[in-house]
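Inside the fold
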Amino acid sequence: MKNLADIPVTIREWRLKHLNEHQLTILLSLTVGLLSGLAAILLKNAIHLANHYLTHDFSSYGQSYQYLAYPFIGILVTTLFVKYVVKDDIGHGVSKILFAISNKKSIIKVHNTFTSMIASVITIGFGGSVGAEAPVVLTGSSIGSNIARMFRLNYRMMTLMVGCGAAGAIAGIFKAPLAGLLFAIEVLMLDLTMSSLIPLLISAVTSATLTFFFMGQGYHFTFKLAESFDIKNVPWYILLGVFCGFISLLFTRGSMYIEGKFHKIRNPLMKVLIGGGILGILVFLFPSLWGEGYFSIDAILNERSAEILKNSIFVGLQDNHVLFLVIIAVILVMKVVASAVTTGAGGIGGIFAPTLFMGGMAGFLLAQLLLFGNISVPARNFALVGMAGAMAGVMHAPMTAIFLIAEITGGFSLFVPLMITSAVSYLTIMPFEQHSIYHIRLAQRGELITHDKDKAILTLLKLRNVIETDLQTVSVDANLGELVKVISKSKRNIFPVVDKNNRFEGIVLLDDIREIMFNNEMYDKTFVTDVMTMPPTTVSKDERMESVMKKFHETRAWNLPVLEDGKYIGFISKATIFNAYRNVLVHFSE
C-alpha cells in the first residue's frame, strides 16, 4: 500500500506514459470544471440554507430586530475564523488571483480551495452585504493552480488552469458558461488564443452542465420579457449607460475610500464593532441590503417592487411614488456603504452581487424617473439592462456583463440594449478610472498582468534575475596603477567605484583611461577620483522593470548600476534585459 505522499508521483508517472501535453490539458480542464462547479453548488446551497434558517420566520410587515445583531455576529465569527483558523488574508478573491498570476507564478495556496467558501457562507449567511462569486472564483482558481502544481506544469499552463478554475466557478454559480469564459479573458486578462480558449470553454461548459444537472434548468433570475426591444428607446438606453457609468464610479471610489478608512484601524475588534454596528443599522433600516440582495432584483424583474421594503420600517410607503423613489435612491447609495463596510470590517465576499444589485436598482429608478417626463419605458427591461451596465463599468468587462445578464435571466432578445448600455457605461467610467476595481491596487504597484504583451512581460521580469555581478569593483582611494591591475583581471569595460563600506561612488570607463593606462609615470600621481564619472542615474534593487526601462529610454544609457540603500549590488544592461525579454516572450506566447 503506497503512502498518500506517493500518489502524486504515481499520477505523474502514469501521465508521462499515457498522455501528451494537449491530452493532459483537456483532461485537467475537464477535471477543474467539475470540481469548481461542485464548489459553486455547495457554496450556493450553503448560503441559501443559512439565510433561510435565520430569516424564515421574519414577518413581512414587522421590524425584525435580529437584523441589528446578525451582521455583527457574521463578521465577528468570520474574523475569528480567518485570524485563528486560516491565519492568512483571504479577502478580495479576484485580486488575490491576479496577484498570484503576476507575482507568485500562478501559485495559490491549498487552503484557498475551501477557506474562502467557509468564510463567505458565514459572512453572507448572517447578512453581510456582499456576493459569493469572488470567494468561489478564488476556490476554483486555487483548485486549478494546485492540480497544475501536482503535475508540475510550467507557468503558462498553471495560469491557464487558474483561468479554467475561475471560468468554471462563474459558469457554475450563475449557470452561464459564456460569461465564465469571458470573465477569464476580460478580468483575469488571459490571452485569447485557441490554445487557451478551448480548455477555458471545456471547463466552463462542464461546470455549467453539472449545475444544470443538480439545480435544474431554470435561470438564475425569473424574468419574462413583456416588451421586446423598441428602437425608439435607444436614447434612453444610452442615458442608462451614462447613469450606470457614474453609479459604477460611485461604487468603485466609495468602496476604495471606505475600505481605506477601515484599513487604518489597527484593532481588529474595533473594526468588527464599527463595521458590524453600521451594517446592522443599515440592514435594519433597509432589509434589501441583507446578503446578496438577489431577492430584490427578482422582485423588480417580476413586478413586485413593493417587496423591496419588506421588513423595513418604511413598509407601506410604496404607494407614495415620490417617497418610494427617494428610498430606492437612498438604498442605491447605502449599498456602496454596506458592501464596503462588510469587507472592510473583516467579512469575506465579492462585489459581483452588489454590482448587479446596484445596476438593477439604477435601471428601475431611471425608468421610474422618466415617467415624470411622460416618457414610458419598460422598467423591468431597464432593470435587467442596468445590471449589465453596472457590471461593465465596475469590472471593466462589458462582454462578460452582456452575456452574463443574457444567460442568467434568459433575456437574449435584449442583446442590442445590453450592448448599448454596457458599452456606454464602460466608456463613461474610463476617463475617471483606467482600471477596474479588481485591478486598481495591483496597477498602482505595477504588478498587473495585462493583454499588452510588452507590459505583461515587463511585469513578469524581475530585476533581481537580470542583475550582473561579475564586474570588478575598484576602491575610491586607489591610484591608476591599482586600477590597471583590476582591469587586467576583468573582461568588462566598466568598473564600479566603491568605498570601504561598499557604498557606490561612481564608475570608471575603460575608454576614458585608454590613453593613460599604459603610462607608468602616471600610476602613482593619478587617482581613481580623477578619472571616474557618475552614471546618468541609478537603479534601486526593488525597482519595477517598467521603471527601469523608462530610465534607459530617458538617459539613453546601455548600463546602469543597481544599488540598495546606497550600496553597490551590481549592474543591469539593456542587452541582458533584451535577452531575458525574448526568452519570456517565447514562453509567454507558446
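Everything below is about the structure shown above.
Helix and strand counts for the protein chain stand at 24 helices and six strands. Counting across all 590 residues of the protein chain, residues that qualify as buried make up 55%. Contacts in the protein chain between residues at least 24 apart in sequence constitute 75% of all its contacts with a sequence separation of at least 6. If you sum the accessible surface of the protein chain, you get close to 26200 Å²; carbon and sulfur atoms cover 60% of it.

A separate point is the pairing of strand β5 (residues 559-564). Here two bridges tie strand β4 (residues 539-540) to β5, and the two strands are oriented parallel to one another. Counted as the bridge partner of Val539 is Val562 from β5. Taking the residues that link successive antiparallel strands as the turn, the β5-strand β6 (residues 567-573) hairpin has two residues, and the phi of Asp565 there is positive, at about 55 degrees.

Attention now goes to the sheet that holds strand β2 (residues 494-498). With respect to topology, three strands assemble into an open sheet ordered β1-β2-β3, the strand pairing being mixed. Strands at the two margins of the open sheet, each flanked by one partner only, are β1 (474-475) and β3 (504-509). For β2 and β3, the ladder comprises five bridges, and the chain directions are antiparallel. Paired with Ile494 across the strands is Leu509, a residue of β3.

With that out of the way, let us pick up the side chain of Thr79. Take Thr79: it is sitting in helix α3 (residues 66-86). Only 2.8 Å separates the side chain of Thr79 from the backbone oxygen of Ile75, close enough to count as a polar contact. For Thr79, the residues in contact, after removing those within four places along its chain, are Val272, Ala345 and Gly346.

Going through the model one piece at a time under the given rule, you end up with 11 salt bridges. For Glu564, the salt bridge identified is with Lys541, shortest N-O distance 3.8 Å. One end of the pair, Glu564, is in strand β5; the other, Lys541, is in the loop between β4 and α23 (545-555), with 23 residues separating them in the sequence. Given a relative accessible area of 34%, Glu564 falls into the partly exposed group. Lys541 sits in the partly exposed class, given a relative accessible area of 30%. One network of salt bridges, in which partners are shared, links Asp298, Arg304 and Glu307.

For any pair of aromatic rings, the description consists of the separation of the ring centres together with the inter-plane angle of the planes. Tallying each qualifying case throughout the model produces 13 aromatic pairs. Both rings, one in Phe213 and one in Phe214, keep their centres 5.1 Å apart while their planes meet at 90 degrees; by these two values the pair is edge-to-face. The burial state of Phe213 is the same as that of Phe214; both residues are exposed. Taken together, the aromatic side chains of Tyr67, Tyr70, Phe126 and Trp290 make up a single cluster linked through ring pairs. Note that Lys83 overlies the ring of Tyr84, its terminal NZ or CZ placed 5.7 Å from the centroid. Lying across the ring of Phe357, Lys335 places its NZ or CZ 4.8 Å from the centre.

On to the environment of Phe403, then. Topologically, Phe403 is positioned in helix α16 (residues 398-409). Ignoring sequence-local partners within four residues, the contact set of Phe403 consists of Leu178, Ala179, Leu182 and Phe415.

Looking now at empty space enclosed by the protein. One pass over the structure, following the stated rule, counts one cavity of 30 Å³ or more. Lining the largest cavity are 18 residues, with His92, Glu259, Ile351, Ile437 and Tyr438 positioned closest to its centre. Within the residue set of the lining of the largest cavity, elements represented by two or more residues are α4 (93-103), α10 (234-263) and α13 (321-344). Its residues assigned to classes, the lining of the largest cavity shows eight nonpolar, eight polar and two charged.

Running from amino to carboxyl end, helix α6 (residues 133-150) crosses helix α7 (residues 155-174) at an angle of 145 degrees, the nearest separation of the two axes being 7 Å. Seen along the crossing, α6 lies across α7 with a hand that is right-handed. Facing α6, whose interface residues are Glu133, Val136, Val137, Gly140, Ser141, Gly144, Ser145, Ala148 and Arg149, α7 presents Met158, Met161, Val162, Gly165, Ala166, Ala169, Ile170, Ile173 and Phe174.

The next point concerns the sheet that holds β5. Reading across the sheet, the three strands line up as β4-β5-β6 and stay open at both edges, with mixed pairing between neighbours. Looking at which strands have only one partner, the edges of the open sheet turn out to be β4 and β6.

Together, Leu269, Met270, Leu273, Ile274 and Ile278 make up a nonpolar patch on the protein surface, roughly 400 Å² of accessible area in all. With respect to the helices and strands, Leu269 occurs in helix α11 (residues 268-285).

Counting residues in each nonpolar core, the largest one holds 106 residues, and the members touching the most others are Val94, Phe174, Phe183, Phe352 and Tyr438. Those residues within four positions of Phe352 in sequence are excluded, and the remaining contacts are Glu133, Ile170, Phe174, Phe183, Met391, Met395, Leu404 and Tyr438. Counting residues in each nonpolar core, the second largest holds 22 residues, with Leu24, Val32, Leu160 and Leu181 among its members.

Our focus in this paragraph is unusual backbone geometry. Look at Arg152: it is not a glycine, yet its phi comes out positive at around 55 degrees. Looking at the secondary structure, you find Arg152 in the loop between α6 and α7. Look at Arg152 and you get exposed, because its relative accessible area is 65%.

Moving on to the packing of α4 against α6. Where α4 meets α6, the closest approach of the two axes is 7 Å, and the angle between their N-to-C directions is 30 degrees. Judged on the interaxial angle alone, α6 and α4 are roughly parallel. Of α6, the residues touching α4 (which contributes Gly93, Val94, Lys96 and Ile97) are Ala134, Val137, Leu138 and Ser141.

Another point: helix α5 (residues 115-125). Given 3.6 residues per turn, any residue in an α-helix points the same way as the ones three and four places further on. Counting buried positions along α5 yields 10 of 11 residues, so the element is predominantly enclosed. Three or more residues of α5 are buried, namely Thr115, Ser116, Met117, Ala119, Ser120, Val121, Ile122, Thr123, Ile124 and Gly125. The positive-phi residue at the C-terminal boundary of α5 is Gly127, with phi of around 100 degrees.

Take the environment of Thr209 next. As for its position among the elements, Thr209 is in helix α9 (residues 194-215). Judged by relative accessible area, Thr209 falls into the partly exposed class, the value being 47%. Here the alpha-carbon distance between Thr209 and Lys175, two residues 34 residues apart in the chain, equals 7.8 Å.

Conventions we followed
- Residues numbered from 1 in each chain as written.
- Predicted model: local features only at pLDDT ≥ 70, side-chain atom pairs only at ≥ 80, totals over all residues.
- Heavy atoms only, no water.
- Helix = DSSP H or I, 4+ residues; strand = E, 2+ residues; numbered from the N terminus.
- Buried < 20%, exposed > 50% of the residue type's maximum accessible area, 1.4 Å probe, protein only.
- Contact = heavy atoms within 4.5 Å.
- Areas by Shrake-Rupley, 256 points an atom, 1.4 Å probe, with all protein chains shown as cover.
- Pairing = 2+ DSSP bridges.
- Polar contact = N/O pair within 3.5 Å; in protein donor to acceptor, adjacent residues only side chain to side chain.
- Salt bridge = Lys/Arg side-chain N within 4 Å of Asp/Glu carboxyl O.
- Phe/Tyr/Trp six-rings, centres within 6.5 Å; stacked < 30°, edge-to-face > 60°.
- Lys NZ or Arg CZ within 6 Å of the ring centre and 35° of its normal.
- 1 Å grid on protein atoms, 1.4 Å probe; cavity = no way out; pocket = protein on both sides within 12 Å on 5 of 7 lines; lining within 4 Å.
- Points joined across faces, edges and corners; volume = space filled by probe spheres on them.
- Nonpolar A, V, L, I, M, F, W, Y, C, P; charged D, E, K, R; others polar.
- Axes fitted to C-alpha atoms, helices over the stretch in contact; angles between N-to-C directions.
- Left-handed = near helix turned anticlockwise from the far one by under 90°.
- Patch = residues over 30% accessible without salt bridge, like charges linked within 9 Å, V, L, I, M, F, W, Y side chains within 5 Å.
- Core = buried A, V, L, I, M, F, W, Y, C linked by side-chain atoms within 4.5 Å.
- Parallel < 35°, antiparallel > 145°, perpendicular 65-115°, else oblique.

Any functional reading would require information that these geometric values do not contain.
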